[in-house]
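Chain by chain, the residues run as shown.
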Amino acid sequence: MVNDFSKAKELFSNILSSNRMPHAVLIEGGSKEERQNAVDFLSKSAVCSGTTPPCGVCKNCVKAQKNSHPDIYTPKLSGKTNIISVEAVRELIKDSSIIPNDADTKVFILYDTDKCMPEISQNAFLKVLEEPPQKTLFILTAENSKKMLSTILSRVQVFSLKNEDDTNEEIDELARDIINGIVSLSEDKLLFATAKLNNRVIFKDVIKRVSEYLRQGLSISVGNKNSSKEAQAIAKKLTKSRIISLIELSSKAIIRADRNVNMTLLSTWLCGEYRRISWQR
Ligand SMILES: [Zn+2]
């Protein structure tokens, strides 16, 4: 099996550059193959003993490639519906407290958690995310992370393989509500819209969309025509320097969302900052 890791490398670039592996990661969206590639890349990186993980040639990488690494573990599915049962989760939690055999890190891979993990199993799994054991990496995959419990999502680092241009209507509507709150100088509208960003994935998607509108607004204010109603309102109501500050703030918010911060606090902070930049004298 030959892996194309270019997309996975890009996806995990901030983990790799910071050299700090999180305790738990959720890979969502994309095709099954893309998710598998990302899982392979990350699990190998975690066990690799070479200098540039995954080196592909060390003992750990070779074993991982053959699916025979003793520190990479995937719970068995049970029942006719192929679920990860509560018992399987408990087993996994017990196992995670035992130190790894060959590698420095133990890796647990849970596939298709949006389909295979019933709520009761997710709740059982929550326990280990609250106090993750040392030297352990949990990798979860899901086609649609929105089907997962928000308590799980707030404790894992989510990586999305979705394409930038498949903006869905729900995301666009939330982004338009936020822009509306900003340009109408309505604190209530803005608060109401940002309060809906309680899920990490939605938060990032919506704020990216808000940034796009702001950029369009900026391009109108420098003379470009032909844009959305929202972008025109931005250009009309806000100075260029304010729009730039709002774009910078949005990027900062997306970076913060990638860290394990409380989503309610984050959206409240963002609402306050949007207001401060748009309204201040
Ligand atoms: Zn290696």
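In case you missed it, the structure is sitting above this.
What counts and what doesn't
- Residues numbered from 1 in each chain as written.
- Predicted model: local features only at pLDDT ≥ 70, side-chain atom pairs only at ≥ 80, totals over all residues.
- Heavy atoms only, no water.
- Helix = DSSP H or I, 4+ residues; strand = E, 2+ residues; numbered from the N terminus.
- Areas by Shrake-Rupley, 256 points an atom, 1.4 Å probe, with all protein chains shown as cover.
- Lys, Arg positive; Asp, Glu negative; His and termini not counted.
- Charge placed at Lys NZ, Arg CZ, Asp CG, Glu CD.
- Contact = heavy atoms within 4.5 Å.
- Buried < 20%, exposed > 50% of the residue type's maximum accessible area, 1.4 Å probe, protein only.
- Pairing = 2+ DSSP bridges.
- Donors = N, O, S within 2.8 Å, 3.2 Å for Na, K, Ca; no water.
- Tetrahedral: all angles 85-135°; square planar, octahedral: opposite > 155°, others 65-115°.
- Axes fitted to C-alpha atoms, helices over the stretch in contact; angles between N-to-C directions.
- Parallel < 35°, antiparallel > 145°, perpendicular 65-115°, else oblique.
- Nonpolar A, V, L, I, M, F, W, Y, C, P; charged D, E, K, R; others polar.
- Salt bridge = Lys/Arg side-chain N within 4 Å of Asp/Glu carboxyl O.

**Student:** Can you lay out the overall build of the protein chain for me, pointing to particular residues and giving the numbers?
**Tutor:** If you tally the helices and strands in the protein chain, you get 14 helices and 5 strands. When the accessible surface of the protein chain is summed, it comes to about 14900 Å², and 50% of that surface belongs to carbon and sulfur atoms. Placing the 41 positive and 34 negative side-chain charges of the protein chain at their respective mean positions leaves the two points 4 Å apart.

**Student:** Summarise the side chain of T136; cite the residues concerned and give the values.
**Tutor:** Summarising the element assignment, T136 is placed in strand 4 (residues 136-142). Excluding residues within four positions of it along the chain, T136 makes contact with P22, H23, S96, T105, K106 and F108.

**Student:** A description of the pairing of strand 1 (residues 24-28) should follow, citing residues and the corresponding values.
**Tutor:** Each regular strand displays side chains that alternate between the two surfaces of the sheet. Where burial is concerned, most of strand 1 is hidden: 5 out of the 5 residues are buried. Across the two faces of strand 1 the burial is the same, with A24, L26 and E28 and V25 and I27 all buried. Note that strand 1 and strand 4 share 5 bridges and pair parallel. Note on strand 4: the bridge partner recorded for E28 is A142. In this structure, strand 1 lies alongside strand 5 (residues 157-160), joined through 4 bridges in parallel fashion. Its bridge partner lying in strand 5, E28 is registered against S160.

**Student:** Residue-level account of the coordination of the zinc ion, with values.
**Tutor:** Taken together, C48 (SG), C55 (SG), C58 (SG) and C61 (SG) make up the full set of protein donors to the zinc ion, lying 2.3 Å away. Around the zinc ion sit 4 donor atoms, and with donor-metal-donor angles ranging over 103 to 117° the site reads as tetrahedral. Each donor residue of the zinc ion belongs to the same chain, with the gaps between them written as C-x6-C-x2-C-x2-C. With C48 in the loop between helix 3 (32-47) and helix 4 (59-65) and C58 in the loop between helix 3 and helix 4, this residue pair connects regions lying 10 residues apart in the sequence. Here C48 and C58 have matching classes, each one buried.

**Student:** Lay out the sheet that holds strand 5 with the relevant residues and their values.
**Tutor:** The strand order 2-3-4-1-5 describes an open sheet built from 5 strands, whose pairing is parallel. Every interior strand has two partners, whereas the edge strands, strand 2 (72-73) and strand 5, have only one. Helix 3 contacts strand 1, strand 2, strand 3 (106-110) and strand 4 of the sheet and is inclined by roughly 180° relative to strand 4. Relative to the sheet, helix 5 (residues 86-96) contacts strand 2, strand 3 and strand 4, its axis offset from that of strand 3 by approximately 165°.

**Student:** If you had to explain the pairing of strand 4 to someone new, which residues and values would you point to?
**Tutor:** Of all 7 residues in strand 4, 7 are buried; the element is thus mostly enclosed. What you see with strand 4 is no split at all: T136, F138, L140 and A142 on one side and L137, I139 and T141 on the other are buried throughout. The pairing of strand 3 with strand 4 spans 5 bridges and is parallel. Note that in strand 4 the partner of I109 across the bridge is I139.

**Student:** Quick one: what's the story with the packing of helix 5 against helix 7 (residues 119-130), residue by residue and with numbers?
**Tutor:** With their axes 8 Å apart at the nearest point, helix 5 and helix 7 run at an angle of 10° to one another. The orientation of helix 5 relative to helix 7 falls into the category roughly parallel. Residues V86, V89, L92, I93 and S96 of helix 5 form the contact with helix 7, whose own contacting residues are I120, S121, A124, F125 and V128. A per-class count over the contact of helix 5 with helix 7 returns 8 nonpolar, 2 polar and no charged.

**Student:** How would you explain the pattern of salt bridges if you had to name every residue and give the values?
**Tutor:** A complete count under the given rule lists 15 salt bridges for this structure. Between R209 and D172 there is a salt bridge whose closest N-O contact spans 2.6 Å. In this pair, R209 is assigned in helix 11 (residues 200-221) and D172 in helix 9 (residues 169-183), connecting sequence segments 37 residues apart. Of the two residues, R209 and D172, both sit in the buried class.

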